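Coordinates in review
Here are the chains, one letter per residue:
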Amino acid sequence: MGLHTGGQEQRGQYMKESGDNVHRHAWVEIDLEAIRYNLKRFRKHLGPDVKIMAVVKADAYGHGAAECARVALATGATMLGVATVDEGLALRKTGIAAPILVLAQPPAETIPLLLQHQLIPGVTDMEFVLALGEAADSHGSVAGYHLKIDTGMNRLGVHYSDAGDFLRTVAFHRGLSLLGVYTHFATADDVDTYGFNVQMKRFEEALANIRFMGIDPGMVHAANTAAAIRYKQAHFNMVRIGIGMYGLHPADITKPLIELHPAMSIKARVSFLKPVSVGEGVSYSFTYRSPGSVLIATLPIGYADGLSRSLSNRMDVLVRGQRLPQVGNICMDMMMVEANQRGSMLKPHAVVELGDEVVIVGRSENEQITLDDMAKMLGTINYELACRFGMRLDRVYLD
Ligand SMILES: *Cc1c(COP(=O)(O)O)cnc(C)c1O
């Protein structure tokens, strides 16, 4: 098993054999083999004719955009999706030459960069696309773009009933080349299928209009992970896989339909360990007091690393397959756990030692804590938590 670090160069990159950073004993582990497995699973699910766009926005949902993009392209993805021009530029800087779609239309000021680095914008307005065409034409080149069609999410896009006219208006332009059209579903992960069906119908209507005008829409794509898993009719030429590639399910409803392996684990090592006598408080505000005969272990990971303070006194961590309760308020850079099991005479006490590896998210022997568990406790979704853990923690890649 090879180990190497990725992510921002300014972060500590010195690695020990054990895999974590010698400068800081808290890290995110990314299992690249899990990402390969998930993409192969999607390939099987989609059949051979549907292309895969790997969505690597927000630093690949906290997993590291460059590493994940490279693995995805080597495992059958043919295109990358990002949210911003800077995310696209960062990928180009690492030498990635694959087509990159900027999923939301960027500011017009970025047009020279788009052309120079061959980033394909998702287009939603006429003024932008004409400026793009003019800029390309003035260099004697042609700018490729995808048209984003709004079929009901009401976030971005040309209204579905205007898409045909929009494309007919710019079809003359020698500086523009329509490479694809797409829409985005607001409710592909809902148990209720009504919203999805309405959007499908509107997208089909827009496509029929475009074709009726004699315009070739190019690549047609609509499905995110949830739609790719649930709705064959939404596959068209390509699907845009984000969360599923990282082994997370967009909702409970997709769980029985495809097996995925989570790629992200969060780990830390015990940095301090001491007995705390009965009645003593632990951490800010003493929201926990020692019931007596407890060992308190300190872990060097806190809310500045993405571990929400709202989980204080509510979450567990794993050490050698055993659950230990987190106690006291989670601090900015640290948190505490009870290192021996409270009052349990039935189970053997966990013997925790200084330097022991602690799993905050991931698997430890037969026990597992998932981002889904954590998201449920926090009233949010796994997407948000995965992104959050990319903020300060170093990433370690298992290849
Ligand atoms: C983020 C995003 C996706 C990927 O969605 P997942 O649910 O993570 O698969 C697809 N399409 C667009 C337009 C997006 O913004």
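One can find the structure itself at the top, above this paragraph.
Residues numbered from 1 in each chain as written. Predicted model: local features only at pLDDT ≥ 70, side-chain atom pairs only at ≥ 80, totals over all residues. Heavy atoms only, no water.

Our next topic: unusual backbone geometry. Even without being a glycine, alanine 60 presents a positive backbone phi close to 55 degrees. Here alanine 60 is to be found in helix H2 (residues 57-61). Its identity as a non-glycine residue notwithstanding, glutamine 118 has a phi of 50 degrees, on the positive side. As for its placement among the helices and strands, glutamine 118 is situated in the loop between helix H5 (111-116) and strand E6 (119-123). Judged by relative accessible area, which is 61%, glutamine 118 ranks as exposed. (Helix = DSSP H or I, 4+ residues; strand = E, 2+ residues; numbered from the N terminus. Buried < 20%, exposed > 50% of the residue type's maximum accessible area, 1.4 Å probe, protein only.)

Here the focus is the pairing of strand E17 (residues 316-319). Note: E17 against strand E18 (residues 322-327), 4 bridges, orientation antiparallel. By the bridge assignment for E18, aspartate 316 is matched with proline 325. Connecting E17 to the next strand, E18, in antiparallel fashion are 2 residues, including arginine 320 with a positive phi near 45 degrees. (Pairing = 2+ DSSP bridges.)

Let us now look at the nonpolar core. Ile35, Val56, Leu147, Val181, Met245, Ile360 and Phe389 are the most contacted members of the largest nonpolar core, which has 116 residues in total. Both domains that meet at this core, namely domain 1 (32-247) and domain 2 (271-398), each give it at least three residues. Those residues within four positions of isoleucine 35 in sequence are excluded, and the remaining contacts are Ile30, Cys68, Val71, Met245, Tyr246 and Ala263. With 8 residues, the next largest nonpolar core counts Val276, Val294, Ile296 and Val327 among its residues. (Core = buried A, V, L, I, M, F, W, Y, C linked by side-chain atoms within 4.5 Å. Domains from an automatic or database assignment. Contact = heavy atoms within 4.5 Å.)

By nearness alone, every residue bordering the ligand is listed as Val55, Lys57, Tyr61, Leu103, Arg155, His184, Asn224, Thr225, Arg240, Gly242, Ile243 and Tyr383. A distance of 2.6 Å is found between an oxygen atom of the ligand and a side-chain nitrogen or oxygen belonging to lysine 57. In this structure, an oxygen atom belonging to the ligand sits 2.6 Å away from a side-chain N or O atom of tyrosine 383. Within the complex, the protein chains bury 93% of what would otherwise be the 390 Å² of accessible surface of the ligand. (Near = heavy atom within 4 Å. Polar contact = N/O pair within 3.5 Å; in protein donor to acceptor, adjacent residues only side chain to side chain. Areas by Shrake-Rupley, 256 points an atom, 1.4 Å probe, with all protein chains shown as cover.)

So, on to the pairing of strand E12 (residues 264-269). Counting buried residues in E12 gives 6 out of 6 residues, a clear majority hidden from the surface. Every second residue of E12 is oriented toward a common face, with Met264, Ile266 and Ala268 on one face and Ser265, Lys267 and Arg269 on the other, all of them buried. Pairing of strand E2 (residues 26-31) with E12 involves 5 bridges; the strand directions are antiparallel. Across the sheet, alanine 26 pairs through a bridge with alanine 268, a residue of E12.

Here aspartate 150 shows up in strand E7 (residues 143-150). Here aspartate 150 sits buried without a salt bridge, and the closest side chain of opposite charge, arginine 202, lies 6.6 Å off (N-O distance). (Lys, Arg positive; Asp, Glu negative; His and termini not counted. Salt bridge = Lys/Arg side-chain N within 4 Å of Asp/Glu carboxyl O.)

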